[in-house]
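# Summary of the model geometry
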Amino acid sequence: MAFVIDGKEAAASVISAVTEASVSLEGKTGIKPGLAVVIVGEDPASHAYVNSKGKMAKQCGFNSIQHTLPEETTQEELQALVDTLNADPAVHGILVQLPLPKHFDSDAIIQSILPEKDVDGLNIANAGKIATGDLDTGLISCTPAGSMLLVKRVHGEDLSGLNAVVIGRSNLFGKPMGLLLLAANATVTMAHSRTKDLASVCRNADILVAAVGRAEMVKRDWVKPDATVIDVGINRVPAPEKGEGKTKLVGDVAFAEASEVAASITPVPGGVGPMTIAMLMANTVIAAHRACSLPVPKF
Ligand SMILES: NC(=O)c1ccc[n+]([C@@H]2O[C@H](COP(=O)([O-])OP(=O)(O)OC[C@H]3O[C@@H](n4cnc5c(N)ncnc54)[C@H](OP(=O)(O)O)[C@@H]3O)[C@@H](O)[C@H]2O)c1
């Protein structure tokens, strides 16, 4: 049976290091890291995410600021708020919760966040730094950064000689994850919906990362014996065994059967999920240190 990688425990240790860095920054400069989270509309899942980000920011000793805007907010109004936050020296990180309601040009909003405050790592300046192998001066998007931290807990810093396969090529996750694995010297294959014979591509992976959004797609015979499996997918499926109308969360990997073959595997929930929010806090404290021209903590 595979070793189950505990994302909650790894995230807690990042949060504890972030809190220490935040307290030390405030002690040295009197400045608290400031994280502004902007949410537009009523989507309950987005509100739940934003609430937990706010709670975690407070736990880390940050100045946590939340802007809740109504659904009918215009592009110009949201842009004006982002401009104000960009100009506010007490705000070190800005996160606009996605998805925005349909009438917004989300990309224009995201790209208008100053790269040094883009704690989600979605600005093209930050994406470009990862693409050119500069992992030290930008902000790395949170889910790939958190997944990479889990990979490194198993394999160490240097992935030389290991084959990594990432299923999914989104800008949010797949592309930056592939680039981070490459920067750590893995030999990387990026797979997607047009990949031929995906199962045999995956069977070649010492490190298999699934970020597709299809419940339990990766089966036992896709997994190379003794591989490390990182499951990024979050899929809500019916769970009649829990009662009528009940649901549960599963990943993109068929966990029970893949666990019989892999050496290590992340569960869903409790794997990559908790890392995303921890890395958001890490990015905020890094941004605050840079704003104070102090050496940045490493996580
Ligand atoms: N844990 C977290 O905090 C976290 C954060 C972000 C995302 N996620 C989860 O990760 C999953 C992926 O997110 P995303 O934003 O990257 O999704 P996305 O933008 O929808 O991208 C999905 C990717 O999967 C590929 N794909 C779709 N069907 C496929 C198939 N049958 N075979 C192979 N590849 C296939 C797509 O290929 P094409 O490009 O060819 O269409 C695309 O590249 C979702 O479940 C999401 O909820 C979790």
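Throughout, residues of each chain are indexed from 1 in the direction in which the sequence is written. The model is predicted, so local features are restricted to residues of pLDDT at least 70 and side-chain atom pairs to those at 80 or more, both for listing and for counting; the totals for chains, interfaces and linings are taken over all residues. The side-chain values count all of the structure's non-hydrogen atoms but skip hydrogen atoms and water molecules.

This next bit is on the environment of Ser200. Only runs of H or I of at least four residues qualify as helices and only runs of E of at least two qualify as strands under DSSP, and these elements are numbered from the N terminus. Relative to the assigned elements, Ser200 resides in helix H8 (residues 198-202). The rule is simple: take the accessible area with a 1.4 Å probe, protein chains only, and divide by the maximum for that residue type; under 20% is buried, over 50% is exposed, in between is partly exposed. On the basis of relative accessibility, which here comes to 31%, the residue Ser200 falls in the partly exposed class. Along the sequence, Ser200 and Cys142 sit 58 residues apart, while their C-alpha atoms lie 29 Å from each other. At 2.9 Å, the side chain of Ser200 forms a polar contact with the side chain of Asp197. As used in this structure description, the phrase polar contact means that two N or O atoms lie within 3.5 Å; if the pair is within protein, one of them must be able to donate a hydrogen and the other to accept it, and residues adjacent in sequence are counted only when both atoms belong to side chains.

Moving on to the pattern of salt bridges. Any Lys or Arg side-chain nitrogen located within 4 Å of an Asp or Glu carboxyl oxygen qualifies as a salt bridge. Following the criterion strictly, the structure yields six salt bridges and no others. Taking the shortest distance from any N to any O, the salt bridge between Asp136 and Lys298 comes out at 3.6 Å. With a gap of 162 residues between them, Asp136 in the loop between helix H5 (124-131) and helix H6 (142-155) and Lys298 in the segment after helix H10 (272-291) connect regions that are remote in the sequence. For Lys298, a relative accessible area of 70% gives the class exposed.

Residue ranges for the domains trace back to a domain assignment, done automatically or taken from a database. Assigned domains within the protein: domain 1 (30-120) and domain 2 (142-273). Distance from the C-alpha centre of domain 1 to the C-alpha centre of domain 2: 29 Å.

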